[in-house]
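What follows is the residue order along each chain.
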Amino acid sequence: NATILSSSSLAQERRDKGRIRAAQDLERRGNYQSALRIYRSLFEQVPKNQLYYEGVKRNLLRIKGFEELIGIIEFQIRNSGNVKYPADLGNVYYRKGDQERAFDIWTSLLNNHPRNKAVYPYVSSAMLSNRLYDEAIEVYKTARRQLDDPLLFVYELANIYVIRLNYREATLEY
């Protein structure tokens, strides 16, 4: 009986991998709606799977399916303690054009978790995806102050300075 279950789950895993490859291929070709359909069906089966979540998120952002994505992220927030989701929610509001709400969410996240080292890269990454370089730099500098570690996020800050063509600051970080 255990062998039947094992081979059944193995077959399902193979099918899922094939579907993921198909979705990735569709994404590469710019067919985001079709890729989204595959990711969405996988995500509905296993909402805790980060690969499926990221696929849904990426494609909904591409087709500007903001309202659906907000609902999905709010579901993830309610069912998970992961601080990644509020950072993602802020990103969606920013992309949707509600910058004030985005910054409120990010600020609240940083204020509610000042000692959580993981929060800072999530918020900074969301900001960087929206070309908010100065704000992302400030998030990392805040992390250093809050966590009392002047060497924290050296590479992340240096990379942002390189993007900004501020080689002097990048070098100082290294």
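Below, the structure is looked at part by part.

Here's the deal with the overall build of the chain
- The secondary structure content of the chain amounts to ten helices and zero strands.
- In the chain, the order of α-helices and β-strands from amino to carboxyl end is α-α-α-α-α-α-α-α-α-α.
- Over its C-alpha atoms, taken along the principal directions, the chain stretches across nearly 60 × 35 × 30 Å.
- Among the 174 residues that make up the chain, the fraction classed as buried is 40%.
- Nonlocal contacts in the chain, meaning residues at least 24 apart in sequence, comprise 40% of its contacts between residues at least 6 apart.
- Only carbon and sulfur atoms are counted for the fraction: they give 51% of the accessible area of the chain, which is about 10,200 Å².

Structural notes on the pattern of salt bridges
- Summed over all chains, the structure comprises 14 salt bridges.
- Close ionic contact of Arg-29 with Asp-25 constitutes a salt bridge, the shortest N to O distance being 3.1 Å.
- Among the residues examined, Asp-25 registers a relative accessible area of 30% and is labelled partly exposed.
- Between Lys-84 and Asp-88 there is a salt bridge; the shortest N-O distance is 3.0 Å. Here Lys-84 and its partner Asp-88 are both found in helix H5 (residues 84–96), four residues apart, which amounts to about one turn of the helix. Just as Lys-84 is buried, Asp-88 falls in that class too.
- Taken together, the shared-partner salt bridges connect Glu-54, Lys-57, Lys-84 and Asp-88 into one network.

Points about the packing of helix H2 (residues 32–45) against helix H3 (residues 50–62)
- Axis separation between H2 and H3 bottoms out at 8 Å; the angle between their running directions is 150 degrees. Crossing angle aside, the handedness with which H2 passes H3 is left-handed. Facing H2, whose interface residues are Tyr-32, Ala-35, Leu-36, Tyr-39, Arg-40, Leu-42 and Phe-43, H3 presents Leu-51, Tyr-52, Tyr-53, Gly-55, Val-56, Arg-58, Asn-59, Leu-60 and Arg-62.
- Partitioning the contact of H2 with H3 into residue classes produces eleven nonpolar, two polar and three charged.

A closer look at the packing of aromatic side chains
- For the coordinates displayed, the defined rule picks out seven aromatic pairs.
- With a centroid separation of 4.8 Å and 40 degrees between ring planes, the pair formed by Tyr-140 and Phe-153 is classed as tilted. Taken as a pair, Tyr-140 in helix H8 (residues 133–146) and Phe-153 in the loop between H8 and helix H9 (154–163) lie far apart in primary sequence, 13 residues in all. The pair Tyr-140 / Phe-153 is uniform in exposure class, with both members buried.
- Pairing Tyr-155 with Tyr-174 gives two aromatic rings, centres 5.9 Å apart and planes at 50 degrees, and the pair type is tilted. Here Tyr-155 is found in helix H9, whereas its partner Tyr-174 is found in the segment after helix H10 (167–173), with 19 residues between them in sequence.

Calculation notes
Residues numbered from 1 in each chain as written. Predicted model: local features only at pLDDT ≥ 70, side-chain atom pairs only at ≥ 80, totals over all residues. Heavy atoms only, no water. Helix = DSSP H or I, 4+ residues; strand = E, 2+ residues; numbered from the N terminus. Buried < 20%, exposed > 50% of the residue type's maximum accessible area, 1.4 Å probe, protein only. Contact = heavy atoms within 4.5 Å. Areas by Shrake-Rupley, 256 points an atom, 1.4 Å probe, with all protein chains shown as cover. Salt bridge = Lys/Arg side-chain N within 4 Å of Asp/Glu carboxyl O. Axes fitted to C-alpha atoms, helices over the stretch in contact; angles between N-to-C directions. Left-handed = near helix turned anticlockwise from the far one by under 90°. Nonpolar A, V, L, I, M, F, W, Y, C, P; charged D, E, K, R; others polar. Phe/Tyr/Trp six-rings, centres within 6.5 Å; stacked < 30°, edge-to-face > 60°.

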